Each structure stands twice: as structure tokens, then as C-alpha cells.
Amino acid sequence: MQEIIKQNMEEQIQLLKQTMKTDYADKTAEAAQCILQAISTGHKVLIAGNGGSAADAQHMAAELVVRFEKDREGYPAMALTTDSSILSAGGNDYGFEAVYERQVQALGAEGDVFIAISTSGNSENIVRAVHMAGNKKMKVIGMTGQTGGRMKELCDIVLCVPHDRTARIQEIHEHTIHTLCQLVEQKM
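Note that the coordinates shown come from a computational prediction; the quantities given were computed from them, not determined experimentally.

On to the state of the cysteines. Across all of its chains, the model carries zero disulfides by this definition. In this structure Cys-155 is not part of a disulfide, and its nearest cysteine sulfur, from Cys-160, lies 10 Å away. Judged by its relative accessible area of 11%, Cys-155 falls in the buried class. What makes Cys-160 buried here is its relative accessible area of 18%.

This paragraph deals with helix H6 (residues 124-135). Structurally, the α-helix is built with 3.6 residues per turn, so residues lying three or four positions apart point the same way. In this model, H6 (12 residues) spans 17 Å end to end at C-alpha, consistent with the 16 Å of a helix rising 1.5 Å per residue. Residues of H6 that are buried: Asn-125, Ile-126, Val-127, Ala-129, Val-130, Met-132 and Ala-133. Backbone geometry just downstream of H6 places Lys-137 in the positive-phi region, at approximately 60 degrees.

On to the environment of Val-65. Note on placement: Val-65 falls in helix H3 (residues 52-65). The spacing of Val-65 and Leu-16 is 49 residues in sequence and 28 Å in space, taken between C-alpha atoms. Look past the residues within four positions of Val-65 in its chain and what remains in contact with it is Arg-72, Gly-74, Tyr-75 and Ala-77.

Another aspect to go through is the sheet that holds strand E4 (residues 139-145). Read from one edge of the open sheet, five strands run E2-E1-E3-E4-E5, paired in parallel fashion. In the strand order of this sheet, the two ends are held by strand E2 (77-79) and strand E5 (157-161), each with one partner. Strand-to-strand twist in this sheet, taken as the mean axis angle between neighbours without regard to direction, amounts to 15 degrees. Summarising the sheet, E4 and E5 pair through five bridges and their orientation is parallel. Bridge assignment links Gly-145 to a residue of E5, and that residue is Val-161. With respect to the sheet, helix H2 (residues 24-40) is in contact with strand E1 (45-48), strand E3 (113-117), E4 and E5, its orientation differing from that of E5 by roughly 140 degrees. Sitting on the sheet, H3 is in contact with E1, E2 and E3, with an inclination near 160 degrees to E2.

Bringing the packing of helix H5 (residues 99-107) against H6 into the picture now. Orientation of H5 relative to H6, taken along the N-to-C sense of each, is 20 degrees, at an axis distance of 7 Å. Put simply, H5 runs roughly parallel to H6. In terms of crossing hand, the pair formed by H5 and H6 is right-handed. Across from Val-99, Tyr-100, Glu-101, Val-104 and Gln-105 in H5, the residues of H6 making contact are Asn-125, Ile-126, Arg-128, Ala-129, Met-132 and Ala-133.

Time to look at the side chain of Thr-19. In this structure, Thr-19 sits in helix H1 (residues 2-20). Here Thr-19 falls in the buried class, since its relative accessible area comes to 5%. Of note is the side chain of Thr-19, whose polar atom sits 2.7 Å from the backbone oxygen of Leu-15. Residues within four places of Thr-19 in sequence aside, it is in contact with Tyr-24, Val-161 and Pro-162.

With 22 residues, helix H7 (residues 166-187) should reach 32 Å at 1.5 Å per residue; the first-to-last C-alpha distance of 31 Å fits that figure. Those residues of H7 that sit buried are Arg-168, Ile-169, Ile-172, His-173, Thr-176, Ile-177, Leu-180, Cys-181, Val-184 and Glu-185. For H7, the secondary structure elements touched by its buried residues are H1, H2, H3, E3, E4 and E5.

Our focus in this paragraph is the nonpolar core. By size, the foremost hydrophobic cluster in this structure holds 33 residues, and its most contacted members are Ile-35, Val-45, Ile-47, Met-60, Val-113, Ile-115 and Ile-141. For this core, the secondary-structure elements that each account for two or more residues are H2, E1, H3, E2, E3, E4, E5 and H7. Here this core takes eight residues from H2, the largest share from any one element. When neighbours within four sequence positions are excluded, Val-113 is seen to be in contact with Cys-34, Ile-35, Ala-38, Lys-44, Val-45, Leu-46, Met-138, Lys-139 and Ile-141. If you look at the next biggest cluster of nonpolar residues, it comprises 21 residues, including Phe-114, Ala-133, Val-158 and Cys-160.

Reading the values: the criteria
Position numbers for residues start from 1 in each chain and track the written sequence from start to end. The model is predicted, so local features are restricted to residues of pLDDT at least 70 and side-chain atom pairs to those at 80 or more, both for listing and for counting; the totals for chains, interfaces and linings are taken over all residues. No hydrogens and no water enter the side-chain calculation; it runs on all heavy atoms of the structure. Any two cysteine sulfur atoms lying within 2.5 Å of each other are counted as a disulfide. Summary of the burial criterion: residues with accessible area below 20% of their type's maximum are buried, those above 50% are exposed, and those between are partly exposed, where the area comes from a 1.4 Å probe applied to protein chains only. In DSSP terms, a helix is any run of H or I states spanning at least four residues, a strand is any run of E spanning at least two, and both are numbered starting from the N terminus. For a helix, the expected span equals 1.5 Å multiplied by the number of residues minus one. In this description, contact between two residues means that some pair of their heavy atoms is separated by no more than 4.5 Å. One bridge is not enough; two strands pair if DSSP finds at least two bridges between them. Interaxial angle, 0 to 180 degrees, is taken between N-to-C directions of lines fitted to C-alpha atoms, where a helix line uses only the stretch in contact. Here is the rule for angles: anything less than 35 degrees is roughly parallel, anything more than 145 is roughly antiparallel, 65 through 115 is roughly perpendicular, and the remaining ranges are oblique. Each crossing gets its handedness from the near helix: less than a right angle anticlockwise from the far helix is left-handed, clockwise is right-handed. N or O atoms within 3.5 Å of each other form a polar contact, as long as, within protein, one can give a hydrogen and the other can take it, and as long as residues adjacent in sequence are counted only when both atoms are side-chain atoms. In plain words, nonpolar cores are sets of buried Ala, Val, Leu, Ile, Met, Phe, Trp, Tyr and Cys residues tied together by side-chain atoms within 4.5 Å.

Keep in mind these values describe shape, not function.
Structure (C-alpha cells):
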């Protein structure tokens, strides 16, 4: 067991080093600026993902609305992953592929930011929500892995972790979420 634990830790360390050699830090700073621009002009942040990425969406919304490290006013952010009535009605009436697209259509507005989280970049419900956000003239930040999938060409800013293993990608996404929240909190 200890060998697996050490191997996973080493893999994460190496991935962090590999990620630092890409434009990921620049893209993260650009994403933070995008979020800051939206919040400082009275707009909001909508966030969505599936599975572990849904948990990441909820985590990020909580850090923005409640607090990250310091007491301050809450920032307008919402995870589109949390309302079981909306998700089940949307899935039943329009299909699971439309559950986030419908919420972006109903809740998003020009000037808002949509953060789309998909480790593959190919999750159909996320891709459709990205399209809708673009149609509504929202800024779209994509958090993905390896190649960026279909999302890569659709997002304004793409934070693409250079790995193909979901667990490692999600670990970097969590690090990125904390960094984004820290930057927003410090600059607001």
C-alpha cells in the first residue's frame, strides 16, 4: 500500500512540474482576471461538471460565495450541479445532455462567466452548455485534460492539464480552483 501511495504522490509532483512548463500559469492568471472582471462589474460565475468535476464545481462556488481564506462579502457564483429538481426535470424532459445547457440559457447573461469542467473535454452536456454560454456572450473558461477535447476550440480560456488520467487531472483542477479563489479574493 505504501508503494502505491508514494507512487501516486510522485506522479502528482511530476505532473505539477510538467504543468509548470506549459502556459498553464498564464492561462490561470487570465482566468482569474476574467472572473475578477465579471464580479467587479456586477456579473456572476456559473460552474458545471460531472461526477468529481461536479464536486469541483460545488467546491469552487462555495469558496467564492462563502469565503476562501479571509472574511469578505460573498461573490456571486453558482454550481449548476446542485439542484436535484432542475437536474431530474431537465434530464427527464430534455435528456441529460441538456441539463447544464438549459440552466446556462435560463441563468446566464452577457458579462457572466461560465466555468466548464470536463477532464476529457468531450462531455456532451458540458459541450452543449459551452455553446449556449458562447451564444449568450458569456466568457467561457474550460478546465480539462490532455488534448482539451472538443471544448478546447470552444472556450475563451482553456486550462488544459497535460495528462490523461482522470484522478491526476482532477488533482490539478482542485489546485487551480484554490489558486483562482486566492487570486480573486486578494484582488477584489
